[in-house]
Amino acid sequence: MKVSTEWLEASGAAFSAGAGEAGYAHLKHYTAAYCEWGEGPPLVLVPGLAGGFELLGPLARLLAQHYRVISYQLRGEDDAFALRRRFGLEDLVEDLAEFLAWYGLEAPPVMGVSFGGVVALEYAARRPTGLSSLIVQGAGARFERSLLQQVAGAVLSRYPLPSDNPFVNQFFNLLFGSRQRPGSLFRFVTRQCWQTDQAVMAHRFRLAERFDVTARLGRIRVPALVLAGERDLLVSAKGLSALAEGIADCREVSLRGCGHLAFATRPECVAEEVQRFLSGEKE
């Protein structure tokens, strides 16, 4: 059967990393769905505030050409009732450590995007021997309370939102880094993000608000790559500078024309920098 381009775009399949090898890791506090794509050296992707690892599809598909890409669902992603047992950032770090041990991965490279970058940074500071290298995109050393962030946090926490309203669409436009016309990519991102329960998003946002790893960056002893979209309105220049100055072996790269969601909107730019970093290629 011939699959139409329209169907691929409408279903989001055009942005998927493919079926991969999926399964479930039965961790201490929840059962984590995971997926693996490609062959080669392992690379663990930690997903962001919303959308689960499916939102990483565009990036995972490119990275899987060179690596065995492994990602998993954060606690609460598939079960909003997980919030009944309150958990903090340190618990998400332990989930990651437990998942890596369950998977048989000893000190792999770990990459986190957005809120996943916060988890990856906290993991690297708490478990400096638990990874071989660190990559973050869309995260700084601490949370900076801009007006945009204050509004986003208040709205997520207090108001039930449908997935299609003016505020949500405007907010996603800001995350893209530029105004987006309604289209297949915009629909994929918004639809995937709203697969995550709003209460889970709000809880993760509150964890990010309290995040500050500045004083502990010296504990990160592995090579690090910090990717920052030049139009990322959620990560401050101060937070990025703190990472570059606080981590002994750190490369900072500005992604030209990219916003916070660069991993989904410009995955080729992100994948190119990741491959260059992991291969040891000099700037």
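Residue numbers here run from 1 along each chain, matching the order of that chain's written sequence. Note on the predicted model: pLDDT of at least 70 is required for a residue's local features to be given, and 80 or more for side-chain atom pairs to be given and counted; whole-chain, interface and lining totals, by contrast, use all residues. Each side-chain value is derived from all of the structure's non-hydrogen atoms; neither hydrogens nor water enter the calculation.

Colleague: Outline helix H7 (residues 184-193), supporting the account with residue identities and numerical values.
Modeller: Burial classes follow relative accessibility: with a 1.4 Å probe on protein chains only, a residue under 20% of its type's maximum area counts as buried, one over 50% as exposed, and anything between as partly exposed. Secondary structure follows DSSP: runs of H or I at least 4 residues long count as helices, runs of E at least 2 residues long count as strands, and numbering of each begins at the N terminus. Summarising burial for H7: 8 of the 10 residues are buried, a large majority. Along H7, the residues that are buried comprise Ser-184, Leu-185, Phe-186, Phe-188, Val-189, Thr-190, Gln-192 and Cys-193.

Colleague: How would you summarise the nonpolar core if you had to cite specific residues and measurements?
Modeller: Considering soluble globular proteins, one finds that nonpolar side chains tend to be buried as a cluster. Note on terminology: a nonpolar core comprises buried Ala, Val, Leu, Ile, Met, Phe, Trp, Tyr and Cys residues joined through side-chain atoms within 4.5 Å. Membership of the largest hydrophobic core comes to 54 residues, with the highest contact counts inside it found for Phe-99, Phe-115, Leu-134 and Ile-220. Ignoring any residue separated from it by four or fewer positions in sequence, one finds Ile-220 in contact with Leu-121, Ala-124, Ala-125, Leu-134 and Ile-247. One finds Ala-17, Leu-55, Cys-258 and Val-274 within the second-largest nonpolar core, a separate group that totals 39 residues. Contacts between residues were defined by any pair of non-hydrogen atoms, one from each residue, lying within 4.5 Å.

Colleague: Go over the packing of aromatic side chains with me, naming the residues and quoting the values.
Modeller: Between 30 and 60 degrees the pair is tilted, below 30 it is stacked and above 60 it is edge-to-face, where a pair is any two Phe, Tyr or Trp rings, Trp via its six-membered ring, whose centres lie within 6.5 Å. Overall, the coordinates contain 8 aromatic pairs when judged by the stated rule. Look at Phe-99 and Tyr-103: their rings are 5.5 Å apart centre to centre, the planes differ by 45 degrees, and that puts the pair in the tilted class. Placement of both Phe-99 and Tyr-103 in helix H3 (residues 89-103) is noted, with a separation of 4 residues, approximately one turn of the helix. Just as Phe-99 is buried, Tyr-103 falls in that class too. Feature note: the residues Tyr-34, Tyr-72, Phe-99, Trp-102 and Tyr-103 constitute an aromatic cluster, connected by ring pairs.

Colleague: Any chance you could break down the pattern of salt bridges for me, citing the residues and the numbers?
Modeller: Whenever Lys or Arg places a side-chain nitrogen within 4 Å of a carboxyl oxygen from Asp or Glu, that contact is recorded as a salt bridge. Counted by the stated rule, this structure contains 9 salt bridges. Between Arg-204 and Glu-77 there is a salt bridge whose closest N-O contact spans 2.9 Å. Residue Arg-204 is located in helix H8 (residues 198-209), and its partner Glu-77 is located in the loop between strand E4 (68-72) and H3; the two are separated by 127 residues in the primary sequence. Across the pair, Glu-77 and Arg-204 agree in class, each one buried. Across the salt bridge formed by Arg-216 and Glu-122, the nearest N and O atoms sit 2.9 Å from each other. In this pair, Arg-216 is assigned in the loop between H8 and strand E7 (224-229) and Glu-122 in helix H4 (residues 115-126), connecting sequence segments 94 residues apart. Among the charged side chains, a network of salt bridges with common partners joins Glu-122, Arg-126 and Arg-216.

Colleague: Break down unusual backbone geometry for me, with residues and values.
Modeller: A positive phi angle, close to 55 degrees, is found at Ala-107, a residue other than glycine. One can find Ala-107 in the loop between H3 and strand E5 (109-113). For Ser-114, which is not a glycine, the phi torsion comes out positive at approximately 55 degrees. As for its position among the elements, Ser-114 is in the loop between E5 and H4.

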